[in-house]
Amino acid sequence: MDLPVARVEVVTGDITQLHVEAIVNAANTSLLGGGGVDGAIHRAAGPALLEHNRNLGGCQTGLAVVTPSFELQQRGVRHIIHAVGPVWSEKEDATQKLGNTHADVLLASCYHTTLGLCAENHIGTVAFPAISTGVYGFPKERAAKIAVAHTLGWLAEHDLPRRVIFCCYSDADANVYRKVIESRGRWMNQRTGSKP
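Residues numbered from 1 in each chain as written. Predicted model: local features only at pLDDT ≥ 70, side-chain atom pairs only at ≥ 80, totals over all residues. Heavy atoms only, no water.

J.: Account for the packing of aromatic side chains, with residues named and values stated.
T.: According to the stated counting rule, one finds four aromatic pairs in the structure shown. A ring pair is formed by Tyr-111 and Phe-128, whose centres lie 4.8 Å apart and whose planes are at 35°; its orientation type is tilted. With Tyr-111 in helix H3 (residues 102-120) and Phe-128 in strand E5 (residues 125-128), this residue pair connects regions lying 17 residues apart in the sequence. Phe-128 shares its class with Tyr-111; the two are buried. The rings of Tyr-111, Phe-128, Phe-166 and Tyr-177 are connected pair by pair, giving a single aromatic cluster. (Phe/Tyr/Trp six-rings, centres within 6.5 Å; stacked < 30°, edge-to-face > 60°. Helix = DSSP H or I, 4+ residues; strand = E, 2+ residues; numbered from the N terminus. Buried < 20%, exposed > 50% of the residue type's maximum accessible area, 1.4 Å probe, protein only.)

J.: I'd like a rundown of the sheet that holds strand E1 (residues 8-12), residues and numbers included.
T.: Strand order across the open sheet formed by six strands is E1-E6-E5-E2-E4-E3, with mixed pairing between neighbours. Two strands lie at the open edges of the sheet, namely E1 and strand E3 (64-68), each paired on one side alone. Adjacent strand axes in the sheet meet at a mean angle of 25° when their direction is disregarded. Pairing analysis gives five bridges linking E1 to strand E6 (residues 163-168), with the strands arranged parallel. Across the sheet, Val-11 pairs through a bridge with Cys-167, a residue of E6. (Pairing = 2+ DSSP bridges. Axes fitted to C-alpha atoms, helices over the stretch in contact; angles between N-to-C directions.)

J.: How would you explain the pairing of strand E4 (residues 79-84) if you had to name every residue and give the values?
T.: The two faces of the sheet receive side chains in turn, since in a regular strand these alternate between them. Across the six residues of E4, six count as buried, placing the element largely inside the fold. The sheet contact formed by strand E2 (residues 22-27) and E4 spans six bridges and is parallel. Counterpart to Ala-22 in the pairing with E4 is His-79. Relative to E4, E3 runs antiparallel, the two being bridged by five bridges. From the neighbouring strand, Ala-64 faces E4, where its bridge partner is Ala-83.

J.: Before we move on, could you go through the side chain of Asp-38 and cite the residues and values that matter?
T.: With respect to the helices and strands, the residue Asp-38 is situated in helix H1 (residues 36-45). Notably, Asp-38 is buried but unbridged: the nearest opposite-charge side chain belongs to Arg-43, and the N-O separation is 8.9 Å. Residue contacts for Asp-38: discarding those within four places in its chain leaves Asn-25, Ala-26, Ala-27, Asn-28 and Gly-33. (Lys, Arg positive; Asp, Glu negative; His and termini not counted. Salt bridge = Lys/Arg side-chain N within 4 Å of Asp/Glu carboxyl O. Contact = heavy atoms within 4.5 Å.)

J.: Please set out the nonpolar core residue by residue, giving values where relevant.
T.: The biggest cluster of nonpolar side chains holds 37 residues, and the ones touching the most others in it are Ile-81, Tyr-111, Val-126, Phe-128, Phe-166 and Tyr-177. Of all the elements in the fold, those that place two or more residues in this core are E1, E2, E4, H3, E5, helix H4 (140-157), E6 and helix H5 (171-192). The residues touching Phe-128, leaving out its near neighbours within four places in the chain, are Ile-15, Val-24, Tyr-111, Thr-114, Leu-115, Val-164, Ile-165, Phe-166 and Cys-167. Core analysis: the next-biggest nonpolar cluster, separate from the first, contains 15 residues, Val-20, Leu-72, Ile-80 and Ile-165 among them. (Core = buried A, V, L, I, M, F, W, Y, C linked by side-chain atoms within 4.5 Å.)

J.: For H3, give the residues involved together with the corresponding values.
T.: In this model H3 runs 27 Å from its N-terminal to its C-terminal C-alpha over 19 residues, within 8% of the 27 Å that 1.5 Å per residue would give. Among the residues of H3, those classed as buried are Ala-103, Asp-104, Leu-106, Leu-107, Ala-108, Cys-110, Tyr-111, Thr-114, Leu-115, Gly-116, Leu-117 and Cys-118. Positioned one or two residues after H3, His-122 has a phi angle of 55°, which is positive. (Expected span 1.5 Å × (residues − 1).)

J.: Go over the state of the cysteines, please, and point to the residues and values.
T.: Following the criterion strictly, the structure yields zero disulfides and no others. The cysteine Cys-59 is free of any disulfide, with Cys-110 supplying the nearest cysteine sulfur at 7.9 Å. The thiol of Cys-167 is unpaired, and the distance to the nearest cysteine sulfur, on Cys-168, comes to 6.8 Å. Residue Cys-167 is classed as buried on the basis of its relative accessible area, which comes to 6%. (Disulfide = S-S within 2.5 Å.)

This is the structure in structure tokens:
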């Protein structure tokens, strides 16, 4: 199996345009659409997604559900995984050690649950947006560290997904992910004694 870092990629652009088996939607608890990535995915998938999601009864923060991709199937996307990230509120303390806030735990759960759904549904390629970093206000570097750590940890122990893409809205956001991946990759290599 390849080193986990070799199975991760960072791109800038529109997640609905990627050629992957599944895209992750930064959803809200209603699963009925919203702004940002959520709205873009609902528009690209068409009205059938909203009708389908009306029957799901929503999703708790920190969890995820998988649905068909509807009109996105024409682009090769088979599934949409709706992950409900936490809102970073004034109660959260950004000086806390990573992983020690309630929001950290919920965001980590989003990634773990989503990657588990990829394995269950035999999804080989998946693209994540920067969950919770838009209107939900999660600090971007902190969110990237959680996303990358949990993704690389998962990939070290599982065959699926074979490839994970972090799709960022801007080059500046993408660079945050690249730096975190590079740093985490060096740390993993030192622990395993592997060459980068």
